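Reading the structure
What follows is each chain in one-letter form.
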Amino acid sequence: MNAAVVRSFRDPPAYEPFDTPVPTTSDEMLIDVVAAGLHPRTRSSANGTHYTSTGQLPMIPGFDGIGRDRDGQLRYFILPDTPFGSMAEQVVIDSRRSVVLPADTDVPAVAAAMNPAMASWIALRQRIAFEPGQRVLVLGATGNAGQMAVQIAKHLGAGHVIAVGRNPERLAALTGLGADITISLAGDSDLTDRALGEAAAEVDVVIDYLWGPATERSMPAVLGHRADKSQPLTWIEIGSQSGLQVTLPSAWLRAARLQLVGSGQGSVSPRDMISELPALAAEISTGTYAIDAVSTSLSEVQETWNAPIAPGQRIVFVP
Ligand SMILES: NC(=O)c1ccc[n+]([C@@H]2O[C@H](COP(=O)([O-])OP(=O)(O)OC[C@H]3O[C@@H](n4cnc5c(N)ncnc54)[C@H](OP(=O)(O)O)[C@@H]3O)[C@@H](O)[C@H]2O)c1
């Protein structure tokens, strides 16, 4: 088969022949890949920096995708940690980590959006006791996952959604997608921190895609303006676009009723994660959420990997 093959963590994958993987257990099956999204996690696995990376080379990137099984059914799958990923003509999946999709599924949309959408969908439905009417702040709302979080929070019944991010055009567009207020992280920092604190005085949930310096700056701004310091605030860490670490002064945990949780691979069981997927795939496929999927032939993976893309677009490789 042909695949996108990483032979050095410094270089993009190249399209080349590779041994077809072989199922080794009765739960595994070899399927034909139909589409695989190029997500931030796929890039960080391919450059060796993702927290699940083992350093093994050569490897084929891609941890999710859509394929066609031997019965002709479409399946969305999430792979376990493996060096033989979905950016290939064929992949071995564990059937227990896959869901059968209807034949009329919008394949590029689901391949593009499941990962960024899953982040907030699973966080709100599996990691916390989210209740309709609660107020949600999305930190890093201008990325694909953040844009999905704004829409999903509203769809799941959020009473008020505050979108916080950098890119001004993307931020402005979020108003049309469900954000009640947008706050730019790009301007004067004192004004931004005050606006953030005032807007978030009664927020119940923060969905954080940034971490690092952006969270170090936003968390005290939010905590410092709490209208009622004893009102529970759940801060869900999902991504680390701004940085991998934060310094967390002990006072932040004492000064307000702050609960810090994470959501991602490991903090939600594969079974719970998979159970959420059919409903989410159906929402994506029927056009509930705005998605900008760009289908590209897998044979162009090397030149496409680092090529600039418009904000909000998600590349979907088609073998
Ligand atoms: N835990 C999970 O289940 C899960 C699932 C999906 C994604 N994620 C994580 O969530 C994060 C976002 O994923 P994505 O798919 O949305 O990525 P994406 O589409 O590439 O968007 C990333 C966005 O991050 C913003 N950004 C980068 N550095 C920033 C900084 N220093 N300050 C403020 N904004 C910054 C950029 O916003 P501007 O355009 O405004 O500059 C960019 O649009 C990634 O870390 C990803 O790994 C986690």
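Scroll up to find the structure this text is about.
The present account deals with the structure reproduced in this document. (Residues numbered from 1 in each chain as written. Predicted model: local features only at pLDDT ≥ 70, side-chain atom pairs only at ≥ 80, totals over all residues. Heavy atoms only, no water.)

Re the packing of aromatic side chains
What the rule picks out here adds up to 2 aromatic pairs. Over the face of the ring belonging to F63 we find R41, whose NZ or CZ atom lies 4.5 Å from the ring centre. The positively charged end of R43 is found above the aromatic ring belonging to W305, 5.8 Å away from the centroid. (Phe/Tyr/Trp six-rings, centres within 6.5 Å; stacked < 30°, edge-to-face > 60°. Lys NZ or Arg CZ within 6 Å of the ring centre and 35° of its normal.)

Considering a nonpolar patch on the surface
On the surface, L248, L253 and L260 cluster together into a nonpolar patch covering about 210 Å² of accessible area. Inspection of the secondary structure assignment puts L253 in helix 7 (residues 250-255). On the basis of relative accessibility, which here comes to 41%, the residue L253 falls in the partly exposed class. (Patch = residues over 30% accessible without salt bridge, like charges linked within 9 Å, V, L, I, M, F, W, Y side chains within 5 Å. Areas by Shrake-Rupley, 256 points an atom, 1.4 Å probe, with all protein chains shown as cover. Salt bridge = Lys/Arg side-chain N within 4 Å of Asp/Glu carboxyl O. Helix = DSSP H or I, 4+ residues; strand = E, 2+ residues; numbered from the N terminus. Buried < 20%, exposed > 50% of the residue type's maximum accessible area, 1.4 Å probe, protein only.)

Structural notes on the packing of helix 2 (residues 107-127) against helix 8 (residues 270-285)
The interhelical angle for the contact between helix 2 and helix 8, taken along N-to-C directions, is 125°, at an axis separation of 9 Å. The angle between helix 2 and helix 8 places the two elements in the oblique class. As helix 2 runs across helix 8, the sense of the crossing is right-handed. The segment helix 2 lies against helix 8, with A109, V110, A113, M114, A117, M118, W121, I122, R125 and Q126 engaging D272, M273, S275, E276, L277, A279, L280, A281, E283, I284 and S285. Grouping the constituent residues of the contact of helix 2 with helix 8 by class yields 14 nonpolar, 3 polar and 4 charged. (Axes fitted to C-alpha atoms, helices over the stretch in contact; angles between N-to-C directions. Parallel < 35°, antiparallel > 145°, perpendicular 65-115°, else oblique. Left-handed = near helix turned anticlockwise from the far one by under 90°. Contact = heavy atoms within 4.5 Å. Nonpolar A, V, L, I, M, F, W, Y, C, P; charged D, E, K, R; others polar.)

Details of the site of the ligand
In the vicinity of the ligand lie 19 residues, with T142, A145, N167, S263 and R314 positioned nearest. The side chain of N144 places a nitrogen or oxygen atom 2.8 Å from an oxygen atom of the ligand. Contact with the protein chains hides 77% of the accessible area of the ligand, taken as 920 Å² for the molecule alone. Among the elements of the structure, helix 2 and helix 3 (144-155) are those that each provide at least two residues to the shell around the ligand. Tallied by class, residues from the shell around the ligand come to 6 nonpolar, 11 polar and 2 charged. (Near = heavy atom within 4 Å. Polar contact = N/O pair within 3.5 Å; in protein donor to acceptor, adjacent residues only side chain to side chain.)

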